[in-house]
Amino acid sequence: MKRVRAHLKRLNKPSVKTIQSPEGDLIDCIPSHLQPAFDHPKLKGQKPLDPPERPRGPPPTDPAMAVYFQSWAISGEFCPEGTVPIRRTTEADILRASSVKRFAKKPMATLRRNSASSGHEHAVGYVTGDQYFGAKASLNVWSPRVSSPSEFSLSQIWVIAGSFGQDLNTIEAGWQVSPELYGDNHPRFFTYWTTDAYQATGCYNLLCSGFVQTNNKVAIGAAISPVSMFNGGQFDITLLVWKDPKHGNWWLEFGSGLLVGYWPSFLFSHLARHASMVQFGGEVVNSRPAGAHTATQMGSGHFAGEGFARASYFRNLQVVDWDNNLVPPPNLRLLADHPRCYDIFGGINSVWGNFFYYGGPGRNPRCPS
């Protein structure tokens, strides 16, 4: 408990204001220069950087719309200028982890490298074989059932470099349901990074020194609301990750034009230069409860073939090229590790550009084990 409390003290900085969310989260407004990133020896005493040059593509629409995708902000109350909203970590959050050391870290071997990737199952679209400087997509948000507290279900963009050995670098952003990390089943906006294949470096959200937040209206790790309904309204979020051509840092934009912050270039080895792969899609953990395949859902919990308003989707997929242009992903490939459990189906049209539907129910008569 001593180690838990020491870790909490490191994570939860002194706040100037606290806002309670409908889910019971406490969102602390932390002075920008006191956020966890600035505990890093290479960032100590610095201030967040100014916004970079945005990739060339269609101009952003209304940044204000993105704000109301988080339930803590629905009341219209925000953190003051000069502060950043950070979800307060509780003792219970840390105690749910396998250890203090593994708190806020993804299990190792969590990226799709072959169809038997140690309990992690994917349905993804990906590009490889070139140099990539970012990625953008819109994805609809659901509230999938997660069967076991140690499992999760997420939908995200991965920006990847390095080999699938010890030196894998990733930057990740999307939405996830993770009872272990958050203590509930709400879909939440999240980020992740690693520079050594999920071993010692990196973490979710702002739960270690790394990501520098520059925005006072978006709380990473907070619940997203509303969510898509089966045969009802569809709600999607747009995410853009790109490498600033001037300083080399990787920036994150949420919604349309709302800059969240950046991962400093020095955190990475391979990604300090560029990415060699981009993935879009879903991932679940299958811990095989009771010796059978998990019933944890991916996306909406329905197969891709059910289509709009039933299946989950990614639309308007783009990558950022060497010249900071947003372009359609060349040679996009689709892959489902276990298509009888979770599948994927894609296409191209004039409104959605490159898109795909993906997901599934997990355990079913065609996916029993």
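Before reading further, recall that the structure is shown in the block above.
Heads up: these notes are all about the structure in this document. What you see as residue numbers is a count from 1 along each chain, following the sequence as written. Local features in a predicted model are, by the rule used here, given only for residues with pLDDT of at least 70; side-chain atom pairs are given and counted only at 80 or more, and totals for whole chains, interfaces and linings are based on all residues. Side-chain calculation: all heavy atoms of the structure are included, whereas hydrogens and water are not.

1. A short note on the overall build of the protein chain
Line of reasoning, step 1. A run of DSSP states H or I qualifies as a helix once it reaches four residues; a run of E qualifies as a strand once it reaches two. Both are numbered from the N-terminal end. Looking only at helices and strands, the protein chain has four helices and 19 strands in total.
Line of reasoning, step 2. Its C-alpha atoms give the protein chain a radius of gyration of 19 Å, near enough to 21 Å, the size a compact globule of 369 residues would have.
Line of reasoning, step 3. A principal-axis box enclosing the C-alpha atoms of the protein chain has dimensions of 55 × 50 × 45 Å.
Line of reasoning, step 4. For the protein chain, the residues scored as buried account for 59% of the 369 residues in total.
Line of reasoning, step 5. Any pair of residues with heavy atoms lying within 4.5 Å of one another is described as a contacting pair. Partitioning the intrachain contacts of the protein chain with sequence separation of at least 6 by distance along the chain shows that 73% fall at a separation of at least 24.
Line of reasoning, step 6. Per-residue and other accessible areas were derived by the Shrake-Rupley procedure at a 1.4 Å probe size, with only the shown protein chains allowed to occlude residues. By element, 56% of the accessible surface of the protein chain is carried by carbon and sulfur atoms, the whole surface being about 14700 Å².
Line of reasoning, step 7. Averaged over its 35 positive side-chain charges, the protein chain has a centre that lies 6 Å from the centre of its 28 negative ones. Atoms counted for the radius of gyration: C-alpha only. Globule rule: 2.2 Å times residue count to the power 0.38. Each residue is placed in one exposure class: buried if its accessible area under a 1.4 Å probe, protein chains only, is under 20% of its type's maximum, exposed if it is over 50%, and partly exposed if it falls in between. Positive: Lys, Arg. Negative: Asp, Glu. His and the chain ends are not part of the count. A charged residue contributes its charge at one atom only: NZ of Lys, CZ of Arg, CG of Asp or CD of Glu.

2. Observations concerning the environment of Val260
Line of reasoning, step 1. Relative to the helices and strands, Val260 is located in strand S13 (residues 258–263).
Line of reasoning, step 2. Residues Val260 and Asn216, spaced 44 residues apart in sequence, show a C-alpha to C-alpha distance of 8.5 Å.

3. Some details on the sheet that holds strand S8 (residues 188–194)
Line of reasoning, step 1. Taken together, seven strands build an open sheet; the order of strands is S9-S8-S7-S6-S14-S4-S17 and the sheet is antiparallel. This sheet does not close on itself; its edge strands, each paired only once, are strand S9 (203–204) and strand S17 (333–336).
Line of reasoning, step 2. Where S8 lies against S9, two bridges are found, and the strand directions are antiparallel. Counterpart to Tyr192 in the pairing with S9 is Tyr204. For two strands to be treated as a pair, DSSP must find at least two bridges joining them.

4. Observations regarding the packing of aromatic side chains
Line of reasoning, step 1. Each Phe, Tyr or Trp ring, with Trp reduced to its six-membered ring, pairs with another whose centre is within 6.5 Å; inter-plane angles below 30 degrees give stacked pairs, above 60 give edge-to-face pairs, and intermediate values give tilted ones. For the structure shown, the criterion picks out 19 aromatic pairs.
Line of reasoning, step 2. Ring centres of Trp72 and Phe78 lie 6.2 Å apart, and the angle between their planes is 85°; on these two criteria the pair is classed as edge-to-face. Residues Trp72 and Phe78 agree in their burial class; the two are buried.
Line of reasoning, step 3. By the ring-pair criterion, three or more aromatic residues cluster together here, those being Phe308, Tyr313, Trp352, Phe355 and Tyr357.
Line of reasoning, step 4. Over a ring means this: the NZ of a Lys or the CZ of an Arg is within 6 Å of the ring centre and within 35 degrees of the ring normal. Seen from the ring of Tyr192, Lys106 lies directly overhead, with NZ or CZ sitting 5.8 Å from the centre.

5. Section: the pattern of salt bridges
Line of reasoning, step 1. The term salt bridge refers to a side-chain nitrogen of Lys or Arg lying within 4 Å of a carboxyl oxygen of Asp or Glu. Summed over the entire model, instances satisfying the criterion amount to 15 salt bridges.
Line of reasoning, step 2. Two residues, Glu53 and Arg56, come together in a salt bridge whose shortest N-O distance is 3.2 Å.
Line of reasoning, step 3. Linking Arg315 and Asp236 is a salt bridge whose minimum nitrogen-to-oxygen distance equals 2.8 Å. With Arg315 in strand S15 (residues 312–320) and Asp236 in strand S11 (residues 236–243), this residue pair connects regions lying 79 residues apart in the sequence. In this pair, the class of Arg315 matches that of Asp236, namely buried.
Line of reasoning, step 4. Within this structure, Asp25, Arg87, Asp93, Arg96, Asp184 and Arg188 form a network of salt bridges that share partners.

6. Let's talk about the sheet that holds strand S3 (residues 83–87)
Line of reasoning, step 1. One open sheet holds the three strands; their spatial order is S1-S2-S3, and the pairing between them is antiparallel. If you trace the sheet from one side to the other, it starts and ends with strand S1 (17–20) and S3, each paired once. Strand after strand, the sheet turns through a mean of 30° between neighbouring axes, direction not considered.
Line of reasoning, step 2. Across five bridges, strand S2 (residues 26–31) lies against S3 in antiparallel orientation. Note on S3: the bridge partner recorded for Cys29 is Pro85. Comment: axis = line fitted to C-alpha atoms, over the contacting stretch for helices; angle = value between 0 and 180 degrees taken between N-to-C directions.

7. Quick notes on the state of the cysteines
Line of reasoning, step 1. Cysteine sulfur atoms that come within 2.5 Å of each other are treated as a disulfide pair. By the definition in use, this model includes three disulfides.
Line of reasoning, step 2. Here Cys203 is linked by a disulfide to Cys208, with a sulfur-sulfur distance of 2.1 Å. Measuring the twist about the S-S bond at about -80°, one finds the Cys203-Cys208 disulfide to be left-handed. Here Cys203 matches Cys208 in class, with each residue buried.

8. Concerning unusual backbone geometry
Line of reasoning, step 1. Pro226 follows Ser225 through a cis peptide bond whose omega is 0°.
Line of reasoning, step 2. Relative to the elements of secondary structure, Pro226 occurs in the loop between strand S10 (212–213) and S11.
Line of reasoning, step 3. Phi at Ala197 takes a positive value of approximately 60°, unusual for a residue other than glycine.
Line of reasoning, step 4. With respect to the secondary-structure elements, Ala197 resides in the loop between S8 and S9.

9. Things to note about helix H1 (residues 2–11)
Line of reasoning, step 1. Where H1 is concerned, the buried positions are Val4, His7, Leu8 and Leu11. Along the axis of H1, the buried residues cluster in a sector spanning 100°; they form a single face. For H1, the exposed residues lying more than 90 degrees away from the buried face are Lys2 and Lys9.
Line of reasoning, step 2. Looking at the packing, one finds that the buried side of H1 touches helix H3 (91–96). The directions considered for the arc are those from the helix axis to the C-beta atoms.

10. Points about the environment of Asn331
Line of reasoning, step 1. Relative to the elements of secondary structure, Asn331 occurs in the loop between strand S16 (326–327) and S17.
Line of reasoning, step 2. Among the residues examined, Asn331 registers a relative accessible area of 67% and is labelled exposed.
Line of reasoning, step 3. As for Asn331 and Val319, which are separated by 12 residues in sequence, their C-alpha atoms are 12 Å apart.
Line of reasoning, step 4. With residues up to four places along the chain from it excluded, the contact list for Asn331 reads Tyr126 and Val127.

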